[in-house]
Amino acid sequence: MRDLFDKIYEDKGPLGKWADQAEGYFVFPKLEGPISNRMKFQGREVVTWSINDYLGLANMEEVRKVDAEAAAAYGSAYPMGARMMSGHTDLHEQLQNELAEFVDKEASYLLNFGYQGMVSTIDALVSKDDIIVYDVDAHACIIDGVRLHQGQRYTYRHNDIESIEKNLMRATRMAQKTGGGILLISEGVFGMRGEQGRLKEIVALKEKYNFRLFVDDAHGFGTLGTTGAGTGEEQGVQDDIDVYFATFAKSMASTGAFIAADQEIIDYLKYNLRSQMFAKSLQMQLVVGALKRLDMLRTMPELKAKLWKNVNALQNGLRNRGFDLGTTQSCVTPVYLKGSIPEAMALVKDLRENHGIFCSIVVYPVIPKGMILLRLIPTASHTMQDIEDTLNAFSAIRETLENGTYKKMSAALAEAMGE
């Protein structure tokens, strides 16, 4: 019999095995100072493109004032207990009602965390006889929720309607055998590539197939649609989304999340969501802060307008300089380059140390081998100077990548990695 920890000693995992080379710089980096368009990284000021503060609310004086006053009034403990037992308040109800109205649904229910809430909602919506159909590029929280499912699940090719229909046919045949139903899960905006889920075409398939649609709109809520109600509003199909999910961690610059649907569906979920039934209620200062942020989403359209002014300036500027942004249809701005993992590490170090630009880096196995993805998140806080500095920096690093300088700089690391 082996020691349980033997596998840990022998294999640190696909990311953990590079901890000695990467930790503290490429992974687990420490950004310091107020959340803003420019922060400090290892003592240097950098333009920050990796903060999901889309509308720039995080460091607004009026937002911080409300947060501080709520913390002073309620502390970090109130209310104590789970919602069903002792953690329910009028303000929780008020926030739920206002969120439901904002996304044009009958009712909503608060979740303590987006990741936790997504996993638990999937678990509550399906039984062992039901079938889940979901995008192969779905976020990890969806994948983990699907893993809990004891019945059949099918993945479809990313945003591929033909593949979706093929798998709906398979799911229909299986459901006829089990007597169950079908849940189709898509993201409103896929956070890595920036593509919108093809919700309009998926909804059209309801004419041929009997399924319910669950949409994770973490990146669409607050950024898309006329009012900011998200991807469903943007595509004109909000009414056809059966269960709508969004997090406070992006546009709302806070902690928490919510689901919205018909009243009867929410009534069922709030009595069956294990992650909420057996977890402490969302703290009051977060609820009060969310009410303030939601009010700003409703009454200050200039925030979203400023965001999109910056998004368009950044994305158009990159495209005009010949960069490949894939098929993004959102604020998420992926820049695809060709190179090895060691080259990517040298490139990012140059970008941060010499050009003062901080953005996220994604490499194999998340994307195909030989590709480098630099992911930028524009916000309403960024300035035209930030964008111009970034465009110039990207032109410089591309030239350095293409002339082989990064390859030479990273030769020793490449050899150690077997690249």
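As the structure is a prediction and not an experimental result, all values here were calculated from the model. (Residues numbered from 1 in each chain as written. Predicted model: local features only at pLDDT ≥ 70, side-chain atom pairs only at ≥ 80, totals over all residues. Heavy atoms only, no water.)

## Quick word on the side chain of Q276
Stage number 1. Inspection of the secondary structure assignment puts Q276 in helix α11 (residues 274-277).
Stage number 2. The exposure class of Q276 is buried, given its relative accessible area of 4%.
Stage number 3. Aside from chain neighbours lying at most four places away, what touches Q276 is A82, R83, Y109, L110, L111, N112 and Q116. (Helix = DSSP H or I, 4+ residues; strand = E, 2+ residues; numbered from the N terminus. Buried < 20%, exposed > 50% of the residue type's maximum accessible area, 1.4 Å probe, protein only. Contact = heavy atoms within 4.5 Å.)

## Here's the deal with the domain arrangement of the chain
Stage number 1. Taken domain by domain, the chain holds domain 1 (5-54 + 301-417) and domain 2 (61-299).
Stage number 2. Just the C-alpha atoms count here: the centres of domain 1 and domain 2 sit 29 Å apart.
Stage number 3. Domain 1 puts 21 residues into the contact, and the matching count from domain 2 is 21 residues.
Stage number 4. Interface of domain 1 and domain 2: buried area, both sides summed, is about 1600 Å²; carbon and sulfur atoms make up 55% of it.
Stage number 5. It is Y54, K304 and Q329 that lose the most area in domain 1 upon contact with domain 2, and together they represent 32% of the buried surface on that side.
Stage number 6. Counting across the domain 1 and domain 2 interface gives 0 salt bridges. (Domains from an automatic or database assignment. Buried area = accessible area lost by both parts, 1.4 Å probe. Salt bridge = Lys/Arg side-chain N within 4 Å of Asp/Glu carboxyl O.)

## Brief notes about the pairing of strand β9 (residues 243-247)
Stage number 1. Within β9, 5 of the 5 residues are buried, which leaves the element mostly enclosed by the surrounding structure.
Stage number 2. Burial along β9 is two-sided: V243, F245 and T247 facing one way and Y244 and A246 facing the other are all buried.
Stage number 3. Summarising the sheet, strand β8 (residues 212-216) and β9 pair through 3 bridges and their orientation is parallel. Bridging from a neighbouring strand, V215 pairs with Y244 of β9.
Stage number 4. Where β9 meets strand β10 (residues 257-261), 4 bridges bridge the pair, whose relative direction is antiparallel. Residue pairing for β10: F245 is matched across the bridge by I259. (Pairing = 2+ DSSP bridges.)

## Focus on the UniProt feature "domain: Aminotransferase class I/classII large" (unreviewed entry) in the chain
Stage number 1. Within this structure's numbering, the places UniProt gives as "domain: Aminotransferase class I/classII large" (unreviewed entry) are residues 45-393.
Stage number 2. Note that residues 45-393 is 42% helix and 16% strand, and that its end C-alpha atoms are spaced 15 Å apart. (UniProt positions renumbered as here; feature names shortened; annotations may be inferred.)

## Regarding the pattern of salt bridges
Stage number 1. Under the counting rule described, the total for this entry stands at 21 salt bridges.
Stage number 2. R38 serves as the salt-bridge partner of D389, at 3.0 Å between the closest nitrogen and oxygen. Here R38 lies in strand β2 (residues 38-41) and D389 lies in helix α15 (residues 384-402), a separation of 351 residues in the sequence.
Stage number 3. For D389, a relative accessible area of 27% puts it in the partly exposed group.
Stage number 4. For E62, the salt bridge goes to K292, with nearest N and O atoms at 3.4 Å.

## What to know about the sheet that holds strand β14 (residues 371-376)
Stage number 1. With respect to topology, 3 strands assemble into an open sheet ordered β11-β14-β13, the strand pairing being antiparallel. Only two strands of the sheet have a single partner each, and these edge strands are β11 (333-338) and β13 (360-362). Each adjacent strand pair in this sheet contributes to an overall mean axis angle of 25°, direction not counted.
Stage number 2. The pairing of β11 with β14 spans 6 bridges and is antiparallel. The residue of β14 that forms the bridge with P334 is R375.
Stage number 3. Here helix α14 (residues 341-353) sits on the sheet and contacts β11, β13 and β14; the angle it forms with β14, its principal contact strand, is near 30°.
Stage number 4. Contacting β11 and β14, α15 runs over the sheet at an angle of about 170° to β14. (Axes fitted to C-alpha atoms, helices over the stretch in contact; angles between N-to-C directions.)

## Digging into the sheet that holds strand β4 (residues 107-111)
Sheet strands pair via backbone hydrogen bonds, and the direction of the pair is either parallel or antiparallel.
Stage number 1. Spatial strand order, β4-β10-β9-β8-β7-β5-β6: 7 strands in an open sheet with mixed pairing. Since the sheet does not close on itself, it has two edges, and those belong to β4 and β6 (153-156), each with one partner. Averaged over all pairs of adjacent strands, the angle between their axes in this sheet comes to 20°, without regard to strand direction.
Stage number 2. Inspection of the sheet shows strand β7 (residues 182-187) paired to β8 by 5 bridges, in the parallel sense. Across the sheet, residue L183 finds its bridge partner in β8, namely R212.

## Re a positive patch on the surface
Stage number 1. Taken together, K166, R170, R173 and K177 make up a surface patch of like positive charges.
Stage number 2. Considering the arrangement of structural elements, one finds R173 in helix α7 (residues 161-178).
Stage number 3. Under the relative-accessibility criterion, R173 is labelled partly exposed at 46%. (Patch = residues over 30% accessible without salt bridge, like charges linked within 9 Å, V, L, I, M, F, W, Y side chains within 5 Å. Areas by Shrake-Rupley, 256 points an atom, 1.4 Å probe, with all protein chains shown as cover. Lys, Arg positive; Asp, Glu negative; His and termini not counted. Charge placed at Lys NZ, Arg CZ, Asp CG, Glu CD.)

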